[in-house]
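Understanding the architecture of this molecule
Take a look at the letters that make up each chain.
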Amino acid sequence: MAPSFKVMSLTEAAAERIKGIMADAERPIAGLRVGVKNGGCAGMSYTMEYAEERKAGEDMIEDKGVRVFIDPKAVLFLLGTQMDFQTTKLASQFVFNNPNQTSACGCGESVAITPADPNALTAAHA
């Protein structure tokens, strides 16, 4: 049996931050839901929210002790993405290192993403 392909991966910093957020949540959280939506000056933006359970059709990754649920409409946009958490003098934020991202706006809130070739996803699962 071939190993399963992960749509996304997490850095240690991202995993630790997600664990901290989940520990402080007011209700039981199963993981973090990640997706993309249309909007912003560059065309798309990443979305994140608490996930109390896995929705039908979602991919789930478990990386460094954290569960991340991937919106099925976002899989081809997120294929190969590494999620990081960075702290600078001015901000602490999650950062998506996405090979499908073609540009970003100056404020960093929105991005242009070209979906991955669906054949690449099929080949990765073979």
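Residues numbered from 1 in each chain as written. Predicted model: local features only at pLDDT ≥ 70, side-chain atom pairs only at ≥ 80, totals over all residues. Heavy atoms only, no water.

A few words now on the sheet that holds strand β1 (residues 8–10). One open sheet holds the three strands; their spatial order is β1-β6-β7, and the pairing between them is mixed. Each edge of the sheet is formed by a strand with only one pairing partner; in this case those strands are β1 and β7 (92–97). Adjacent strand axes in the sheet meet at a mean angle of 25° when their direction is disregarded. Across six bridges, the pairing between strand β6 (residues 81–87) and β7 is antiparallel. Note on β7: the bridge partner recorded for glutamine 86 is glutamine 93. Strand contacts of helix α1 (residues 12–23): β1, β6 and β7, with the helix running at about 75° to β6, the strand carrying the most contacts. (Pairing = 2+ DSSP bridges. Helix = DSSP H or I, 4+ residues; strand = E, 2+ residues; numbered from the N terminus. Axes fitted to C-alpha atoms, helices over the stretch in contact; angles between N-to-C directions. Contact = heavy atoms within 4.5 Å.)

Scanning the entire structure with this criterion turns up two aromatic pairs. Aromatic side chains tyrosine 46 and phenylalanine 96 sit 4.1 Å apart centroid to centroid with 15° between the ring planes, which places their arrangement in the stacked category. Within this pair, whereas tyrosine 46 is found in strand β3 (residues 44–51), its partner phenylalanine 96 is found in strand β7, the two being separated by 50 residues in sequence. By relative accessible area, which is 11% here, phenylalanine 96 ends up buried. (Phe/Tyr/Trp six-rings, centres within 6.5 Å; stacked < 30°, edge-to-face > 60°. Buried < 20%, exposed > 50% of the residue type's maximum accessible area, 1.4 Å probe, protein only.)

So, on to the pattern of salt bridges. Under the criterion given, the structure shown has six salt bridges. The closest approach of N and O atoms between glutamate 16 and lysine 19, which form a salt bridge, is 3.4 Å. Here glutamate 16 pairs with lysine 19, and both are found in helix α1, just three residues apart, close to one helical turn. Its relative accessible area of 34% is what places lysine 19 among the partly exposed residues. A salt bridge links glutamate 52 to arginine 27, with the nearest nitrogen and oxygen atoms 2.3 Å apart. Of the two residues, glutamate 52 sits in the loop between β3 and β4 (59–63) while arginine 27 sits in the loop between α1 and β2 (31–38), which places them 25 residues apart along the sequence. Judged by its relative accessible area of 51%, glutamate 52 falls in the exposed class. (Salt bridge = Lys/Arg side-chain N within 4 Å of Asp/Glu carboxyl O.)

Next up on the list: the side chain of glutamate 58. Residue position: glutamate 58 is located in the loop between β3 and β4. A residue is classified by how much of its surface remains accessible, and glutamate 58, at 5% relative accessible area, is buried. For glutamate 58, the side chain forms a polar contact with the side chain of arginine 33, separated by 2.5 Å. Here glutamate 58 is in contact with Arg33, Glu53, Phe69, Ile70 and Pro72, once residues within four sequence places are set aside. (Polar contact = N/O pair within 3.5 Å; in protein donor to acceptor, adjacent residues only side chain to side chain.)

This paragraph deals with the pairing of strand β5 (residues 66–70). The buried fraction of β5 is high, at four of five residues. Bridge analysis of β2 against β5 gives three bridges, and the strand direction is parallel. Each residue of the ladder has a partner; that of arginine 33, found in β5, is phenylalanine 69. The sheet contact formed by β4 and β5 spans five bridges and is antiparallel. Paired with isoleucine 61 across the strands is valine 68, a residue of β5. Counting the residues that bridge the hairpin from β4 to β5 gives two residues, and of these lysine 64 lies at a positive phi of roughly 55°.

The values reported here are purely geometric and, on their own, carry no functional implication.
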